[in-house]
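# Structural characterization, general
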Amino acid sequence: MMLSLRCPRPLVLLASFAALLCVAGCGGDEPAPATPPGTAGATPPGAAGAAPGTAGAASEQAQAAARVEADLPTSIDVPSPSDPITSLDVVEDMSEAVANSLVELAAVLRRRDYGQVDDWLAKGFAGHAPASLPALEPELLALGARRDGYDPAGAAIVGPAGFVASLEQLLSVFTMLESVVIKVKGAEFQRAAIEQGRVRLKLSAFGLAQGGRPLALTLWGHAGVVRERGRWRLRRFSAESLSAEHRSEPLFVDVTAGAGVANRRDIFGKDGQTLFYWNGAASGDVNGDGRWDLFVPSTGRSFLYLSAGDGTFSESSEAWGLSAERDGTGCLFFDSDADGDTDLVVSHVGWTRSDGAPGGDSMRHYRNDGEGFTDVSEASGLNGRHVAFSLVGGDFDGDGWVDIYVCSYNRMDAIYPESWYHAENGTPNALYRNLGDGRFEDVAAAWGADDARWTFAAAAADYDEDGDLDLYLANDYGENALLQNQGDGHFVDRAAELGVLDPGNGMATAWGDIDRDGRLDLYVANMSSTAGNRILSRLVPEDDAGVGSTLQKLAGGNSVFRVGDDFSFERQPAEAGATGAAWAWSSCFLDADLDGCQDIFVANGFISGESAADT
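In short, a report on the structure.

Bringing the sheet that holds strand β26 (residues 440-442) into the picture now. Remark on secondary structure: sheet strands pair via backbone hydrogen bonds, oriented parallel or antiparallel. Pairing is antiparallel in the open sheet, where 4 strands are placed in the order β23-β24-β25-β26. The outermost strands of the open sheet, each flanked by one partner alone, are β23 (388-394) and β26. The mean angle between the axes of side-by-side strands here comes to 20°, regardless of whether they run parallel or antiparallel.

What follows deals with the pattern of salt bridges. Applying the stated criterion across every chain yields a total of 23 salt bridges. Among the salt bridges present, the one from R231 reaches E104, with a minimum N-O distance of 3.9 Å. Taken together, the positions of R231 in strand β11 (residues 231-246) and E104 in helix α2 (residues 88-110) put the pair 127 residues apart, joining distant regions of the chain. Taking the relative accessible area as the measure of exposure, E104 reaches 39% and is therefore partly exposed. Here R411 and D413 are joined by a salt bridge, their closest N and O atoms 3.5 Å apart. Residue class for R411 comes out buried when judged on its relative accessible area of 19%. Judged by its relative accessible area of 52%, D413 is exposed. Bridged by salt links that share partners, the residues E139, R147 and E245 form one connected network.

With that out of the way, let us pick up the packing of aromatic side chains. The geometry of an aromatic ring pair comes down to the distance between the two centres and the angle between the two planes. One pass over the structure, following the stated rule, counts 20 aromatic pairs. Members of the aromatic cluster, joined through ring pairs, are F389, Y409, W454, F456, Y477 and W585. Its end group placed over the ring of W120, R231 keeps NZ or CZ at 3.9 Å from the ring centre.

Residues L88, I535 and L539 make up a contiguous nonpolar surface patch of about 230 Å² in total accessible area. Examined against the element boundaries, L539 turns out to sit in helix α8 (residues 530-539). Judged by its relative accessible area of 46%, L539 is partly exposed.

Further remarks concern the side chain of D476. Along the chain, D476 turns up in strand β28 (residues 470-476). Overall, the relative accessible area of 5% leaves D476 in the buried class.

By size, the foremost hydrophobic cluster in this structure holds 50 residues, and its most contacted members are L109, F189 and V199. When residues of this core are traced back to their parent elements, those giving at least two are α2, β4 (121-128), α3 (160-171), β8 (174-189), β9 (196-209), β10 (213-228) and β11. A per-element tally of this core places α2 first, with 9 residues. Setting aside anything within four residues of it in sequence, one finds L109 in contact with Y114, V117, L167, L171, L177, V180, I182 and L203.

Our focus in this paragraph is the pairing of strand β29 (residues 481-485). Counting buried positions over the 5 residues of β29 gives 5, a clear majority of the element. The alternating pattern of β29 places A481, L483 and N485 on one face and L482 and Q484 on the opposite face, and all of these are buried. The pairing of β28 with β29 spans 3 bridges and is classified as antiparallel. For L473, the partnering residue across the bridge sits in β29 and is A481.

Reading guide: rules and limits
Residues numbered from 1 in each chain as written. Predicted model: local features only at pLDDT ≥ 70, side-chain atom pairs only at ≥ 80, totals over all residues. Heavy atoms only, no water. Pairing = 2+ DSSP bridges. Helix = DSSP H or I, 4+ residues; strand = E, 2+ residues; numbered from the N terminus. Axes fitted to C-alpha atoms, helices over the stretch in contact; angles between N-to-C directions. Salt bridge = Lys/Arg side-chain N within 4 Å of Asp/Glu carboxyl O. Buried < 20%, exposed > 50% of the residue type's maximum accessible area, 1.4 Å probe, protein only. Phe/Tyr/Trp six-rings, centres within 6.5 Å; stacked < 30°, edge-to-face > 60°. Lys NZ or Arg CZ within 6 Å of the ring centre and 35° of its normal. Patch = residues over 30% accessible without salt bridge, like charges linked within 9 Å, V, L, I, M, F, W, Y side chains within 5 Å. Areas by Shrake-Rupley, 256 points an atom, 1.4 Å probe, with all protein chains shown as cover. Core = buried A, V, L, I, M, F, W, Y, C linked by side-chain atoms within 4.5 Å. Contact = heavy atoms within 4.5 Å.

Written as structure tokens, this is what we have:
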């Protein structure tokens, strides 16, 4: 997806299942927000800016539906089981079954097929109508955004018809409903002949409201669930909170197709699409016209998009000699020979078989002569076989030539990590030193940079301000590394000493100054898993300081580290923001709103086929 900046007044938090942007406040006073649309209590949940009377009519419909439903309770209680099932395996199997059922319900809501919702409501259902919650005082966020909250204490109690009508009302404010997701954040089940239990739910809806305004609704609640007629259904629903975050106009607009860079791949698992690795992208001025061009490796072929200077691109891989490049992973534009042209290196997944024969594919080095690319991999030595997922360029020895660091993972199709939190059976990373004569030499082992864990990505910066480039490595299934450059052709891992081991499922990392103190802070993108947190919450005591807390960290999301005067780091609390980005991948710092503060952009998502239940 390519996103184009539309206006200089961004949303504080813009989230979809493709990406997440966290706009920083730099630790100082925030600018006065724009006057929010409407006033507190003037509109129902998510209906800021809706036409007068529209929401009221919908509310009357829900109330009318409620009036015809007899025998409703006077209050909604969802008690914990009196005799809970204690087998963790059984509880999680049941939790996952409930979660999968609710994935199907979310898909029905996303299609606005409200006539089907009743299939997920048990006989005798009663619950809070989420669209009936009274409005609280709105919270004015930075940059013209606003968060509206609603009081669950004032929720109307309805039966099946009223509940369906209320959901329809709640989502009716969306002119375009991009996603609806229901997550099971916690669950406990009763030991009984009929399968039943209590779950904590989070419903998230995202899309555009009237006028193209971005809107995100978040509903939390507890539900009594029961398995009836082969499906888990809601017996009770108690609303815990409801909020609506919105802004008068979007920060970014998707222009992928119009720009000429759209390319849709098959769904994972379809037509042989079973690769365990994914593709990156590189940007740089390929043809010397002063414009940013794009290179995108992909399965079966790659794409070179040359900028026309008017917001559009032309695909030119064949004309520039890259038609044979396919199935690459990471890629990097750099001037390998200091001739002023932008050259290209592409990483691949390759290995050496037990009998010494090559497997997979090797790296590729393409030299740019100003009119096209020529494969010079064999001559330059940038042709090693690594399970290479990403690349980092930088002058690591201070000789004026750009070197290449290769992040080497391992083959998930052949080898499994030996540990969830301390795996060391990855493959060695490589550091190709640019010798300045067109050749490169792998010096990783000699320089102490051949970390052999499951390195997914890395970032280079002179974090300690001693004049040479250091490296931070984001490792999957374990601890990360901070390779401090000693300036003498040697690196030392100081991650443990400086407080940035960050055990987890490291996917990406970036350096940036989040507090404007002139020093580089660190951001690490990790996995955040609802199921993982749910399971670990049952296994690990709150005061655990051992392996249990390490495991909880694995599913806990991203990390923000602020550097101190002595160049050690302190992890920032989750309340500081930017840690929740779902299943995160690549990340970068940028000043999205041009206010002089570093914001964070995080790509996220997960493999999915026909339904989110198969992730």
